[in-house]
Structure formats: structure tokens, C-alpha cells
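# A closer look at the structure
Spelled out from the first residue to the last, the chains are:
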Amino acid sequence: MPPDHDMLWRRCAHLGRVLLPLVDQEPWRQARRHENLQAWGIDTAVGARLIEIFAALAAHAVAVDDSLSAAELDDLFLKAVADAATGKRDYELLAGLPKTFADDRDGHAVNVFRLHIYKGDQYSHRLTQLSTELRHALLVLAERAPIRLPTCGDVFRRATEVGLPQ
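Structural notes, computed from the coordinates. (Residues numbered from 1 in each chain as written. Predicted model: local features only at pLDDT ≥ 70, side-chain atom pairs only at ≥ 80, totals over all residues. Heavy atoms only, no water.)

Our next topic: the overall build of the protein. Looking only at helices and strands, one finds 8 helices and 0 strands in the protein. The order of helices and strands in the protein, counted from the N terminus, is α-α-α-α-α-α-α-α. Along the longest, intermediate and shortest principal axes, the C-alpha atoms of the protein span 40 × 35 × 25 Å. When contacts within the protein are restricted to residue pairs at least 6 apart in sequence, those whose partners lie at least 24 apart make up 79%. (Helix = DSSP H or I, 4+ residues; strand = E, 2+ residues; numbered from the N terminus. Contact = heavy atoms within 4.5 Å.)

Given below as C-alpha cells:
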């Protein structure tokens, strides 16, 4: 795998990791998400991690489709990632992923995501619920942005401003 493609995945994974902490700057949003996850029978920690990896997968899928480099990910509109979260098929989200991951947590989370797909039934339904939750989180960030069409780069800059780990 080309080094830039590995870097692209790492940038997408970073987007996933900063997404919920940025949304949760309004604490009631985290409480609402936890209520939703519990109502769906999903452990809140597992659900949050699946939302993070789902965000990374959606961003990665759009970036690969658009032949974006890691540096160009900053220009990817949040709306495109939100649309991919609910509009792309499971296999489209998994296409082009690295065979190994620099962060073992990412590899594990991707495997849990895959298991949800392969198990089908209620597990696939959970992914649908999580995709809706992810889309909502992305749109919340988009609405907060002072510009009309916020990008992934805007999210990265905001995460740096609030002191989230890089």
C-alpha cells in the first residue's frame, strides 16, 4: 500500500476520533446519544467506538472514490462524509482499506464493524442506527461552522483549538 494511502487512513481515523468530543461540547448531546444507544441495546462505549470507525470509513470511502490524498482530505466537505455514512453500501465503506493498521484499535474496530455486517439481521440494523447517529453528529458540526460548507479541515482545526489530541 502506498505511504500516502496509509496516511490517508490515519487522517480519516483522526476525524473519527475527534468527531464525538467536538459534538459533545454541548453535554446534552452526549446524554442523548447514550440514551439512543441504550434504547437500541448497544453499549455506550462500543457504540461510540463504532461511530468513530464509521466516520473514518465514510471519510475514507469518499476520499478513495475522489482520489484524494491525505493532504487533500482537509478539503472534503462534511456533508459528503455524512452522505456516505447513510448512502454507501457496506462493501463500499470497506473497499480500499489498509490490510494492516498502524493503530491496532482501528484494526479491531474495523473487524467489529465487519462482524456486524456479516452477522446481518439485528446487527445490520444497528449499523443503520449508528449511521443515522453519525450523520446527525456530522451535520451538528456543519451547522456550528461559521462558513457555509465546512470541511474535514475545519473539524481538524476546531479539534486543535479545543485541545483534542492530534
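Counting 54 residues, the largest nonpolar core has W9 and F113 as its most contacted members. Residue contributions to this core peak at 13 residues, all from helix α3 (residues 44-65). Dropping the residues within four chain positions of it, W9 is found in contact with I53, A56, L57, H60, L97, P98, F101, D106 and V110. (Core = buried A, V, L, I, M, F, W, Y, C linked by side-chain atoms within 4.5 Å. Buried < 20%, exposed > 50% of the residue type's maximum accessible area, 1.4 Å probe, protein only.)

Packing of helix α2 (residues 27-39) against helix α7 (residues 121-144) leaves a shortest axis separation of 11 Å and a crossing angle of 170°. When the interaxial angle is binned, α2 and α7 end up roughly antiparallel. On the side of α2, the interface is formed by R29, R32, R33, N36 and L37, while α7 contributes L130, E133, H136, V140 and R144. Residues belonging to the contact of α2 with α7 are distributed by class as follows: 3 nonpolar, 2 polar and 5 charged. (Axes fitted to C-alpha atoms, helices over the stretch in contact; angles between N-to-C directions. Parallel < 35°, antiparallel > 145°, perpendicular 65-115°, else oblique. Nonpolar A, V, L, I, M, F, W, Y, C, P; charged D, E, K, R; others polar.)

Using the criterion set out here, one finds 2 aromatic pairs in the structure. Ring centres 5.0 Å apart and planes at 85° place the aromatic pair F54 and F113 in the edge-to-face group. Remark: F113 occurs in helix α6 (residues 104-119) and F54 occurs in helix α3; sequence separation between them is 59 residues. Residues F54 and F113 agree in their burial class; the two are buried. The aromatic ring of F156 is capped on one face by R11, whose charged end is 4.0 Å from the ring centroid. Positioned over the ring face of Y123 is K119, at 4.6 Å from the centre of the ring. (Phe/Tyr/Trp six-rings, centres within 6.5 Å; stacked < 30°, edge-to-face > 60°. Lys NZ or Arg CZ within 6 Å of the ring centre and 35° of its normal.)

Here H116 shows up in helix α6. Dropping the residues within four chain positions of it, H116 is found in contact with L50, Y123, S124, R126 and L127.

Let us now look at α6. Its 16 residues place the ends of α6 22 Å apart at the C-alpha level, agreeing with the 22 Å of an ideal helix rising 1.5 Å per residue. Listed in full, the buried residues belonging to α6 are D106, G107, A109, V110, F113, H116 and I117. Sitting at the head of α6, D103 places a side-chain oxygen 2.8 Å from the backbone nitrogen of R105. (Expected span 1.5 Å × (residues − 1). Polar contact = N/O pair within 3.5 Å; in protein donor to acceptor, adjacent residues only side chain to side chain.)

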